[in-house]
Amino acid sequence: MAKFLIFLLLMFLFKTYPSQDITNWVRIDCGSDGSYVDNGLLWQTDDRFIKTGENKQISPDSPTKLDQLKTLRVFKEQNKNCYSLPAPTTDRYFIRAMFHYGDYDGNSNPPSFDLEFDGNKWITVETSMTGAVFHELMYKSKGENISVCLARTEDTQFPFISVLEAWAMPDDSYSIMSKDRAWIIGYRYNYGGTDLILGYPNDRLNRIWKPITPSGLLAVQANFTTLDYTVVNEPPDETIIQAVQSQLPTESIIFPPFEFDGTNRLYHVDFYFTEIDQDPNAIRNIYLYVNDALEFTITPQYKNCTGYMINTQSFGSLIVSLVPTLESTLPPIISAIEVYTATDPLVGAGTSQDDLDGLAVLINSFEQLQGWSGEPCLPRDTVWQWLSCDGFDPPRVTSINLTGYGLNGPLPDFSKMQELETINLSNNSLDGPIPVFLGNLPNLNLLDLRDNDFSGDVPRSIANNNKLTYYIDGNINLQQRKKKNSALIVGLAVGIPIGILLVIAVIIIIYVFNYKQPSSSQGQAPETEITGGIAGASAQLQSQEDSSSALPISTSAMVKPVHPTEDEPIVITAAAPNGSLVNLLIIQENAFSAGAASGEANVSDTVNAVVTSHQPVSQDIDEEELKELLRQHGSSGAYGRI
């Protein structure tokens, strides 16, 4: 007997809920202090789904019959606050959000704000003093969770929410709705219904049906209470057996325009009909027009629900008309209607996964950031308030500004965020060493770490980064590392060996020429001045009238002293015996002269000291030997002006 009763109970449940698994439904009584069961379903608190917000109760002067609307959760701290709703299947989900202001703050100022899902704009919520508003969305899940966010759009208008629900839909329902869009419910009417709003458990899919009887139409009731057959969208029987019809068989039904925001929208419309009385002598045939286009010819069936669905593009309001055919003896009739509008195309990709990983590291490291969730860079007009993002697809985070957020402890590694251009972490209590990775971020040009408790040395990756401007004032335990002069390092590394070789070469040349110097009878040539200085100085040689005569070189006249700036190498240009120019690289910081305490070296003395210390005894050389020597050095045998 007990097994038989259990079998009957299971059969009843199967007959009543054949297509729904209600165990995964999410129902949140926002602002409630505890979870509870109502009408056989579990209502939960916000705590499992969001970490921010404050619970409030509506004013006693704003009563409501629905217990779930007596509390709410308000968000004042962040510009965007997100619920994370589990979506364990890849089905389409119905999501419903309800808002009842109830003058909870005593300001009599119901706010407006944006509602978002997975980085997409859903709708702008306009709350009121008089009652609750709700919005529904049908959306195919793209992951294990669906993010539903409330975004502040005005500084003094704080978002709040009273109820949030999500549940999976049967695969075969609303079959012609494209799944690459989300669909927003605009209208769902139970025509001819009483004042009772129908929902769960009357509606197996948990939809809400609003009763309405348009002006000029008659509310009628079927002479049966249950349907023999219904359509896959499974509207409640109570919705179908109630209907409206025109007053005369020849009168058409022209509904008031269905209005939506925007001028060019894609609509989905579901129509539901039944024949309320079985009269074999009566005929009811109806033309269905949508925006003046004939869509179907309808013949309602007794005790059956007949459904028609269309997708249509509209450039304004949606107009629906029911027109009797010429042979019809009964007036047009309709039981229910649903009108949806498609959202804008869904975002192709959210914020880069590298940036999401980096932000997760920051959020998990600092208690002050742990309320942040959802899509940080999308929609683009409600980016997290401490971030800036670029306009690419996928968007990348380009700036972090967490000044004055009360962060403490060491700074974690968020180096995956490779597109960062500016980082401002000033006025916190961050401690420990400054991470090396900050100086290695390829696009970073501004780093502000002022007024923290960092210690140790500034990493070389930061101190030696010439394209990075950084600020570290106010870190009393931090040692400032001076930047290296890369030009000086290169000059020292390359110039010293070359300079030494060139000096040796000049010494050898001078030695050779002094070794084979012409006799005094050939005449003494005037000294030639070579002006030395910073790299790029020119040298000139004054030729003698007798071009065949050899010129002795006086090293005291080769260099004109200069006073270079600190840390700059000195390049001296001198003439070699073959008529070419020789550059002598002299590195400052007392490389050759130890007595330059002021930082300025006497270049002339330095070169003289080096060269004259190797001056050989003068030797005679005849003209033929001189010509051969000049030929070997590539000279024509005569000096000209260089």
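See the structure shown above.
In this report, we go over the structure that sits alongside the text. Keep in mind it's a predicted model, so treat the numbers as computed, not measured.

1. Points about the overall build of the chain
Scanning the chain from N- to C-terminus turns up seven helices and 36 strands. For the chain, buried positions account for 47% of its 642 residues. Taking contacts inside the chain between residues at least 6 apart in sequence as the whole, the part at least 24 apart equals 68%.

2. Comments concerning the layout of surface pockets
Approximately 1,700 Å³ is the volume attributed to the largest pocket. What lines the largest pocket is a set of 50 residues, among which Arg96, Val133, Phe134, His135 and Ile208 lie closest to the centre. Listed by contribution, the elements that provide at least two residues to the lining of the largest pocket are β7 (92–99), β9 (120–126), β10 (133–140), β13 (163–168) and β14 (183–191). With six residues, the single largest contributor to the lining of the largest pocket is β14. Here the residues of the lining of the largest pocket sort into 21 nonpolar, 14 polar and 15 charged. By volume, the second largest pocket is sized at about 820 Å³. In this structure, the second largest pocket is lined by 36 residues; those nearest its centre are Ser84, Ser147, Ser373, Gly374 and Glu375. Those elements giving two or more residues to the lining of the second largest pocket turn out to be β6 (80–86), β11 (145–151) and α3 (353–365).

3. What to know about the sheet that holds strand β24 (residues 333–334)
Ordered in space as β16-β17-β24, the three strands form an open sheet in which the pairing is antiparallel. Each edge of the open sheet carries a strand with a single partner, namely β16 (218–221) and β24. Relative to strand β17 (residues 242–245), β16 is paired through four bridges, and the arrangement is antiparallel. From the neighbouring strand, Ala219 faces β17, where its bridge partner is Val244.

4. A word on α3
The end-to-end C-alpha distance of α3 is 18 Å, a good match for the 18 Å that 13 residues give at a rise of 1.5 Å each. Taken as a whole, α3 has its buried residues at Asp355, Gly358, Leu359, Leu362 and Ile363. Buried residues of α3, seen end-on, are gathered within an arc of 135 degrees and therefore sit on one face of the element. Looking at the buried side of α3, the elements it contacts are β26 (387–389) and β27 (397–401).

5. Overview of the sheet that holds strand β32 (residues 453–457)
Read across the sheet, four strands follow the order β28-β30-β32-β34 without closing on themselves; strand pairing throughout is parallel. Two strands close off the open sheet at either side, each with one partner strand: β28 (408–409) and β34 (477–479). As paired elements, strand β30 (residues 429–432) and β32 share two bridges and run parallel to each other. The partner of Gly432 across the bridge, within β32, is Phe454.

6. Let's talk about the packing of aromatic side chains
Taken as a whole, this structure holds 28 aromatic pairs when the rule is applied. Between the aromatic rings of Phe117 and Tyr139, the centroid separation amounts to 4.9 Å while the plane-to-plane angle is 70 degrees, which identifies the pairing as edge-to-face. Note that Phe117 is positioned in strand β8 (residues 112–117) and Tyr139 in strand β10, a separation of 22 residues in sequence. The exposure classification of Phe117 matches that of Tyr139, with both residues buried. Look at Tyr191 and Phe255: their rings are 5.2 Å apart centre to centre, the planes differ by 25 degrees, and that puts the pair in the stacked class. Here Tyr191, found in strand β14, pairs with Phe255, found in the loop between β18 (253–254) and β19 (265–273); they are 64 residues apart in sequence, far enough to count as distant. Phe255 shares its class with Tyr191; the two are buried.

7. Some points on unusual backbone geometry
A cis amide bond links Leu378 with the next residue in sequence, Pro379, at an omega value of -15 degrees. At the junction of Asp393 and Pro394, the peptide bond is cis and its omega measures out at 5 degrees in the coordinates. In this fold, Pro394 is placed in the loop between β26 and β27. Positioned with a positive phi, Glu234 is a non-glycine residue whose angle comes to about 50 degrees. You can see Glu234 is positioned in the loop between β16 and α2 (237–240). Backbone geometry places Asp292, a non-glycine residue, at a positive phi of 70 degrees. By the secondary structure assignment, Asp292 is in the loop between β20 (286–290) and β21 (293–298).

8. Considerations on the environment of Gly350
Inspection of the secondary structure assignment puts Gly350 in the loop between β25 (336–342) and α3. Residue classification places Gly350 among the partly exposed positions, given a relative accessible area of 27%. Each C-alpha atom of the pair Gly350 and Pro376 lies 8.6 Å from the other, and the pair is 26 residues apart in sequence. Setting aside its immediate chain neighbours within four residues, Gly350 contacts Glu375, Leu378, Pro394 and Pro395.

9. Notes on the environment of Lys51
Residue placement: Lys51 occurs in the loop between β3 (41–43) and β4 (54–57). On the basis of relative accessible area, Lys51 is assigned to the exposed category, the value being 65%. The spatial distance from the C-alpha of Lys51 to the C-alpha of Ser373 is 9.0 Å, given a sequence separation of 322 residues. In this structure Lys51 touches Gln370 and Gly371, once residues within four positions along its chain are discounted.

10. Notes on the state of the cysteines
Within this structure, the stated rule accounts for two disulfides. Residue Cys82 pairs covalently with Cys149 via a disulfide, S to S 2.0 Å. Its torsion about the S-S bond being 105 degrees, the disulfide of Cys82 and Cys149 is classed as right-handed. Separated by 67 residues along the polypeptide, Cys82 in strand β6 and Cys149 in strand β11 bring together distant segments of the chain. At a sulfur-sulfur separation of 2.0 Å, the disulfide partner of Cys377 is Cys389. Where Cys377 bonds to Cys389 through sulfur, the torsion about that S-S bond is close to -70 degrees, and the disulfide is left-handed. Of this pair, Cys377 sits in the loop between α3 and β26 while Cys389 sits in strand β26, placing them twelve residues apart in sequence. On the basis of relative accessible area, Cys377 is assigned to the buried category, the value being 0%. Using a relative accessible area of 22% as the deciding quantity, one classes Cys389 as partly exposed. Once the disulfide-bonded cysteines of the chain are ranked by sequence position, their pairing pattern turns out to be 1-2, 3-4.

11. Brief notes about the pairing of β13
In regular strands, side chains alternate between the two faces of the sheet. Counted residue by residue, β13 has five buried out of six residues, so it is predominantly covered. Where strand β1 (residues 26–29) meets β13, four bridges bridge the pair, whose relative direction is antiparallel. Pairing of Arg27 across the sheet is with Glu165, part of β13. When β7 meets β13, the two strands line up antiparallel, connected through six bridges. Across the sheet, residue Tyr93 finds its bridge partner in β13, namely Ala168.

Each value, and the rule that gives it
- Residues numbered from 1 in each chain as written.
- Predicted model: local features only at pLDDT ≥ 70, side-chain atom pairs only at ≥ 80, totals over all residues.
- Heavy atoms only, no water.
- Helix = DSSP H or I, 4+ residues; strand = E, 2+ residues; numbered from the N terminus.
- Buried < 20%, exposed > 50% of the residue type's maximum accessible area, 1.4 Å probe, protein only.
- Contact = heavy atoms within 4.5 Å.
- 1 Å grid on protein atoms, 1.4 Å probe; cavity = no way out; pocket = protein on both sides within 12 Å on 5 of 7 lines; lining within 4 Å.
- Points joined across faces, edges and corners; volume = space filled by probe spheres on them.
- Nonpolar A, V, L, I, M, F, W, Y, C, P; charged D, E, K, R; others polar.
- Pairing = 2+ DSSP bridges.
- Expected span 1.5 Å × (residues − 1).
- Arc of directions from axis to C-beta.
- Phe/Tyr/Trp six-rings, centres within 6.5 Å; stacked < 30°, edge-to-face > 60°.
- Disulfide = S-S within 2.5 Å.

All quantities given are derived from atomic positions and should not be read as evidence of function.
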